[in-house]
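Coordinate analysis (summary)
Residues per chain are reported as follows:
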Amino acid sequence: MKISIAEACELLNCGSIVAVPTETVYGLAASLTQPAAVDKIFALKGRPSNNPLIVHTANLEQIIQYVTTIPEGTQKLAEAFWPGPLTLTLPSNPDKVPSRVRAGLTTTAFRIPNHPLTRELLQHTGPLVMPSANISGRPSATQRAHVEEDFGIDFPVLDGGACSHGVESTILHHNGECWQVIRLGALSAETFAPILGYVPAIAVTPKDHAPLCPGQLYRHYAPNAQLILSTDELDKYQGVVIGFSDRSYPEAIRVIALGPVSTPEFVAESLYAALRQLDQEGVQKAIVDMRFPKEGLWLTIAERLKKAAAM
Ligand code: TXA
Ligand code: MG
């Protein structure tokens, strides 16, 4: 159900939750200062309690109030990429960020999103926690209709149209020496090189170590359909294909095109809608054309598809 900024503001201030647009994916928002609303988010999504939430704010000054130490490079990253699809995990004051939000960790994840409606909303509400607006495990929502698919047509949504990036923010964590990518996202690792002076490594959680990004543990982004990832020529494949608009799949019974293989930005933008489309059409099984470069934004696309295909 479409709501206005004023209605969203009132609902949030009264302890309700609403879905809001961001430039990455839609978020399910609750006020950071309303513990019951934060609990509702976990319940509604079916989200495990050990998976922390990202705190979204209107500006850096608000973030600084929660942070205990500011890792080297934070200011430069903030200036270059905020508002935008970057999340930073920063050591935070346990008295100021509820343990439930951080899932008991000593850091909190922060982001300043860049969607005009949600930026305006944040000016009125103060900090909002916002996981992606999908039932846990499902593909994220990049349009109001996707939110309504998961939570019902009466669920309040601030409709900001289709999300421009279409995949979640990149999460960076400072390990004491340097920044690392702990979740691939809308910004490729190379994007940070001019600002940091190095390409942040894509972190792998060491064995017997607590997960660097708890959410990465779970099955994610998955349609009901079984997905088979393939790097083969698909000339002879006779089933449903998720592929590219500039390739042909002559024998396929149905092709859902993500866009041209020359434009990963376009592919990322349409990815979750394509996965949701499979379920709308009642498809049981689809093959995904994985013949694309192993670099830049493609790494994010490949990671999402691998998670979506995991059983
Ligand atoms: O683009 C996005 O980031 C979207 C929009 C709505 O802003 N939000 C989003 O939230 O993707 P969510 O909850 O679906 O994913 C947040 C991820 C989870 O994998 C969680 O484990 C991780 O961030 N996370 C949150 N706090 C963390 C922390 N302190 N340390 C490490 N990982 C953290
Ligand atoms: Mg999510």
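Report follows, based on the coordinates.

Reading the values: the criteria
Residues numbered from 1 in each chain as written. Chains lettered and ligands numbered in written order. Predicted model: local features only at pLDDT ≥ 70, side-chain atom pairs only at ≥ 80, totals over all residues. Heavy atoms only, no water. Salt bridge = Lys/Arg side-chain N within 4 Å of Asp/Glu carboxyl O. Helix = DSSP H or I, 4+ residues; strand = E, 2+ residues; numbered from the N terminus. Buried < 20%, exposed > 50% of the residue type's maximum accessible area, 1.4 Å probe, protein only. Contact = heavy atoms within 4.5 Å. Pairing = 2+ DSSP bridges. Axes fitted to C-alpha atoms, helices over the stretch in contact; angles between N-to-C directions. Near = heavy atom within 4 Å. Polar contact = N/O pair within 3.5 Å; in protein donor to acceptor, adjacent residues only side chain to side chain. Nonpolar A, V, L, I, M, F, W, Y, C, P; charged D, E, K, R; others polar.

According to the stated counting rule, one finds 16 salt bridges in the structure shown. Put simply, Arg276 and Asp150 hold a salt bridge, and the shortest N to O gap is 3.1 Å. Taken as a pair, Arg276 in helix α9 (residues 264–280) and Asp150 in helix α7 (residues 144–151) lie far apart in primary sequence, 126 residues in all. By relative accessible area, which is 0% here, Arg276 ends up buried. Judged by relative accessible area, which is 14%, Asp150 ranks as buried. For Glu281, the salt bridge goes to Arg254, with nearest N and O atoms at 2.6 Å. Taken together, the residues Glu281 in the loop between α9 and β15 (285–289) and Arg254 in strand β14 (residues 254–257) connect sequence positions 27 residues apart. When its relative accessible area of 30% is taken as the criterion, Arg254 is described as partly exposed. Linked through salt bridges whose partners overlap, the residues forming this network are Arg138, Glu149, Asp150, Arg276 and Asp279.

Now for the environment of Ile3. Checked against the element boundaries, Ile3 lands in strand β1 (residues 2–3). The class of Ile3 is buried, set by a relative accessible area of 12%. Counting along the chain gives 152 residues from Ile3 to Phe155, while the straight-line C-alpha distance between them is 9.5 Å. The contact partners of Ile3, leaving out residues within four places of it in the chain, are Ala8, Leu11, Val18, Pro156, Val157 and Leu158.

Attention now goes to the sheet that holds strand β12 (residues 226–230). With parallel pairing, the four strands of this open sheet are ordered in space as β12-β15-β13-β14. Unpaired on one side and paired on the other, β12 and β14 mark the two borders of the sheet. Averaged over all pairs of adjacent strands, the angle between strand axes in this sheet comes to 25°, irrespective of strand direction. As judged from the four bridges shared by strand β13 (residues 240–243) and β14, these two strands associate in the parallel manner. Bridged to Gly243 within β14 is Ala257.

Right, let's get into the site of ligand 1. Taken together, 28 residues are adjacent to ligand 1, and Thr24, Asn51, His56, Ser169 and Gly215 come closest. The separation between an oxygen atom of ligand 1 and a polar side-chain atom of His56 is 2.7 Å. Sorting the residues of the shell around ligand 1 by element identifies β4 (54–56), β6 (107–111) and β10 (179–183) as the ones contributing at least two each. Considering every element that reaches the shell around ligand 1, the biggest residue donor is β6, with four residues. Of the residues contributing to the shell around ligand 1, the split by class is 14 nonpolar, ten polar and four charged.

Our next topic: the pairing of strand β9 (residues 170–174). Here is the key point about a regular strand: its side chains alternate between the two faces of the sheet. In terms of residue burial, β9 counts as a mostly covered element, since five of its five residues are buried. Burial along β9 is two-sided: the face carrying Thr170, Leu172 and His174 and the face carrying Ile171 and His173 are both buried. Judged from the four bridges that link them, strand β5 (residues 86–91) and β9 form a sheet pairing that is parallel. When the bridges of β9 are listed, Thr87 appears paired with Ile171. By the bridge criterion, four bridges tie β9 to β10 in an arrangement that is antiparallel. Residue pairing for β10: His173 is matched across the bridge by Gln180. Following β9, the chain reverses through four residues before pairing antiparallel with β10; Gly176 in that reversal takes a positive phi of roughly 105°.

Everything listed is a geometric property; what it means functionally is a separate question.
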